[in-house]
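Coordinate analysis (summary)
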Amino acid sequence: MSKKPTGGMTDAQKSEHVRSVVLKAGEELRARHPWLRHQDAIGATIMVVSLLGMIASGWLYIEGAIPWWVCVPVTAIFASFIHELEHDLIHQMYFRSKPWANSLMLAVGWLARASTVSPFVRRKLHLHHHKFSGTASDLEERGITNGTPWGLRRLLMTGDNMLSVFLRPNEMRRATAQYIQSQKPASRQEALKMAAEQTLAYVPIGQLYYALFHGWVVLHAVMFAAPLLGVDIPWPQWMPAAMACLDTFGVVYALPCLLRTFCLHFISSNMHYYGDVEARNAMQQCQVLNPWWLMPMQLFCFNFGSTHAIHHFAVKEPFYVRQWNAAIAHQVMREVGVRFNDFGTFRRANRFGLQRTAQA
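Residues numbered from 1 in each chain as written. Predicted model: local features only at pLDDT ≥ 70, side-chain atom pairs only at ≥ 80, totals over all residues. Heavy atoms only, no water.

Relative to each other, helix α2 (residues 39-62) and helix α3 (residues 68-90) sit at 165 degrees, their axes nearing to 9 Å. The angle between the axes of α2 and α3 places the two elements in the roughly antiparallel class. With respect to the hand of their crossing, α2 and α3 are arranged in left-handed fashion. Note on element contacts: α3 touches α2 through W68, C71, V74, T75, F78, A79, F81, I82 and L85, opposite G43, I46, M47, V49, S50, L51, G53, M54, S57, G58 and Y61. (Axes fitted to C-alpha atoms, helices over the stretch in contact; angles between N-to-C directions. Helix = DSSP H or I, 4+ residues; strand = E, 2+ residues; numbered from the N terminus. Parallel < 35°, antiparallel > 145°, perpendicular 65-115°, else oblique. Left-handed = near helix turned anticlockwise from the far one by under 90°. Contact = heavy atoms within 4.5 Å.)

Together, L152, L155, L156 and L167 give the surface a local cluster of nonpolar side chains, amounting to about 360 Å² of exposed area. With respect to the helices and strands, L167 occurs in the loop between α8 (161-166) and α9 (169-182). Judged by its relative accessible area of 36%, L167 falls in the partly exposed class. (Patch = residues over 30% accessible without salt bridge, like charges linked within 9 Å, V, L, I, M, F, W, Y side chains within 5 Å. Areas by Shrake-Rupley, 256 points an atom, 1.4 Å probe, with all protein chains shown as cover. Salt bridge = Lys/Arg side-chain N within 4 Å of Asp/Glu carboxyl O. Buried < 20%, exposed > 50% of the residue type's maximum accessible area, 1.4 Å probe, protein only.)

For the rest of this paragraph, the subject is the layout of surface pockets. Taken as a whole, the largest pocket encloses approximately 890 Å³ of empty space. Contributing to the lining of the largest pocket are 38 residues, with V117, G143, V165, M172 and Y202 lying nearest its centre. Those elements giving two or more residues to the lining of the largest pocket turn out to be α3, α5 (119-132), α6 (139-143), α8, α9, α10 (188-199), α12 (239-271) and α15 (304-313). The computed volume of the second largest pocket comes to approximately 290 Å³. What lines the second largest pocket is a set of 16 residues, and nearest its centre among them are H130, K131, Q285, H312 and V315. Of all the elements in the fold, those that place two or more residues in the lining of the second largest pocket are α1 (11-32), α5, α13 (282-285) and α15. Tallied by class, residues from the lining of the second largest pocket come to 5 nonpolar, 6 polar and 5 charged. (1 Å grid on protein atoms, 1.4 Å probe; cavity = no way out; pocket = protein on both sides within 12 Å on 5 of 7 lines; lining within 4 Å. Points joined across faces, edges and corners; volume = space filled by probe spheres on them. Nonpolar A, V, L, I, M, F, W, Y, C, P; charged D, E, K, R; others polar.)

Turning our eyes to something else, we now look at the packing of aromatic side chains. Tallying each qualifying case throughout the model produces 17 aromatic pairs. Residues Y273 and F352 carry aromatic rings whose centres are separated by 5.1 Å and whose planes lie at 90 degrees to one another, so their mutual orientation is edge-to-face. Pair noted here: Y273 is in the loop between α12 and α13 and F352 is in the segment after α17 (326-336), with a separation of 79 residues, a long-range link. You'll find Y273 and F352 in the same group, each marked buried. Over the aromatic face of F340 sits the side chain of R334, whose NZ or CZ is 3.8 Å from the ring centroid. Directly above the aromatic system of F352 lies the positively charged group of R339, at a separation of 3.8 Å from the ring centroid. (Phe/Tyr/Trp six-rings, centres within 6.5 Å; stacked < 30°, edge-to-face > 60°. Lys NZ or Arg CZ within 6 Å of the ring centre and 35° of its normal.)

Further remarks concern the packing of helix α11 (residues 205-228) against α12. The contact between α11 and α12 brings their axes to 9 Å, and the two run at 120 degrees. Looking at the two axes, α11 sits oblique to α12. The two elements α11 and α12 cross, and the hand of that crossing is left-handed. Note on element contacts: α12 touches α11 through M239, M243, L246, D247, F249, G250, Y253, A254, L255, C257 and L258, opposite Y209, L212, F213, W216, L219, H220 and M223. A breakdown of the residues in the contact of α11 with α12 according to their chemical character gives 15 nonpolar, 2 polar and 1 charged.

In this section: unusual backbone geometry. Cis rather than trans, the peptide bond between V203 and P204 has omega equal to 0 degrees. With respect to the helices, strands and loops of the structure, P204 is situated in the loop between α10 and α11. In this model, R280 sits at a positive phi of 70 degrees, which is unusual for a non-glycine residue. Along the chain, R280 falls in the loop between α12 and α13. Judged by its relative accessible area of 57%, R280 is exposed. The phi torsion at N341 lies on the positive side, around 55 degrees, for a residue other than glycine. In this fold, N341 is placed in the segment after α17. Owing to a relative accessible area of 24%, N341 belongs among the partly exposed residues under this scheme.

Here we take up the nonpolar core. In terms of nonpolar packing, the biggest core is built from 31 residues, with V18, I267, M271, F313 and M333 touching the most fellow members. The contact partners of I267, leaving out residues within four places of it in the chain, are L289, L294, M297, Q298, C301, F304 and G305. Of all hydrophobic cores here, the second largest spans 29 residues; its members include M172, A175, A201 and F249. (Core = buried A, V, L, I, M, F, W, Y, C linked by side-chain atoms within 4.5 Å.)

Our next topic: the side chain of S57. Assignment of secondary structure puts S57 in helix α2. A polar contact of 3.3 Å, which involves the side chain of S57, links it to the backbone oxygen of C71. For S57, the contacting residues outside a window of four places in its chain are I66, C71, V74 and T75. (Polar contact = N/O pair within 3.5 Å; in protein donor to acceptor, adjacent residues only side chain to side chain.)

What follows covers the side chain of S164. With respect to the helices and strands, the residue S164 is situated in helix α8. Under the relative-accessibility criterion, S164 is labelled buried at 0%.

Written out as C-alpha cells, the structure reads:
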C-alpha cells in the first residue's frame, strides 16, 4: 500500500512513485513465492503448455470431438498466452543471458500466431513505442488503429493487420516515414533499409497466412453469392478437397487468430492515448480499461486492458506478476491520477485531451 502523499508531484515523480510501489510489490511476492524467481523456466513452460493446448484443441476438432465454436475460443485463449510471452521476450524478461533461446521462443511464437508482424521487427517498434507512446512516430500503436476515428473502417481494420494498411495507405506511409525519421538514420541508404524492413515485416509466414485467410473468405463469399445471382461456376475437380483443407485451416488457426487479434487490438488501441501526449510521460500514455462489459474481450488478451498500463510504469515485470499484483498497482495508480475507464476515448479518437475531436 502506498503511504506517500501525491499532491504537488510532477508527472515524472508520480510515474517514479508508481514504479517503486509496483516493483516493491513484485519483490515481496517473489519473497513469498521463491519459485517465481525461476523466470526462464516459467516462460518456457507457458510456451510449451500453450502450444500443446493449441495443437490439442485443433486435433480434437479435426477428430470430431469438439465443435468449431469450442475450438476457436479455446485456441485463441492459448494463443493469447503466447502473445504475452512474446511481449515479455521483446523486453528480454526470459533467457536474457541466452539470446538464441530468446530468439527461438520468438520464432516459435510467431509460427503460432502468423497474423502478427515479425517479432524481430516488432522488437524495435515496441521499444520505440515505450519512449514515444502516443506520438506521431509511434508506428506500433498507429498500426493497430490507435488515433483513428471510430466507424466501419476502423472496425474492419481492428482484427486484420493487412486491412489496417490497405484501407489507409497514405496514413500508414506517413506514420512509417515519421517512425524512420525518429530513428535518425545516418544516411539515405540506412533510411531505405529501415523502410524495406517495415515493408517486409510480415514476410514470409504473415504474408502466407493472409493469402490463405483472405482467399478462404473470398472463396466462401463467391460460393455463397454465385447461386443467388444465377451464376454457375465450373469449379475444378480438386476444389472440394482444397476447400475442406481451407475450412480446417480456418477453424483451427485463422479464426482463433482473428478473434484474438480483434480483442487485443480493440482493447490496446483504446487504452493507449494518441496524438496530444508528451513523449516519455507515462501518466499520459495509458488508462486502465476494465469495465465488466469488456471481460469477454479481456479473456482473449489476458486481461490486457486492466494490466497493461502497469507495464508502462514498471516495464520489467512479467505479465503473470502484473496480473497477480494488479490490485496493489491499481491503488497507487488511482492515487496519482491515472485514468480509469475513460470511455470518452472512443469518441475522441483516443486523444488524451477531454474535448471531442474528429481529427485522424
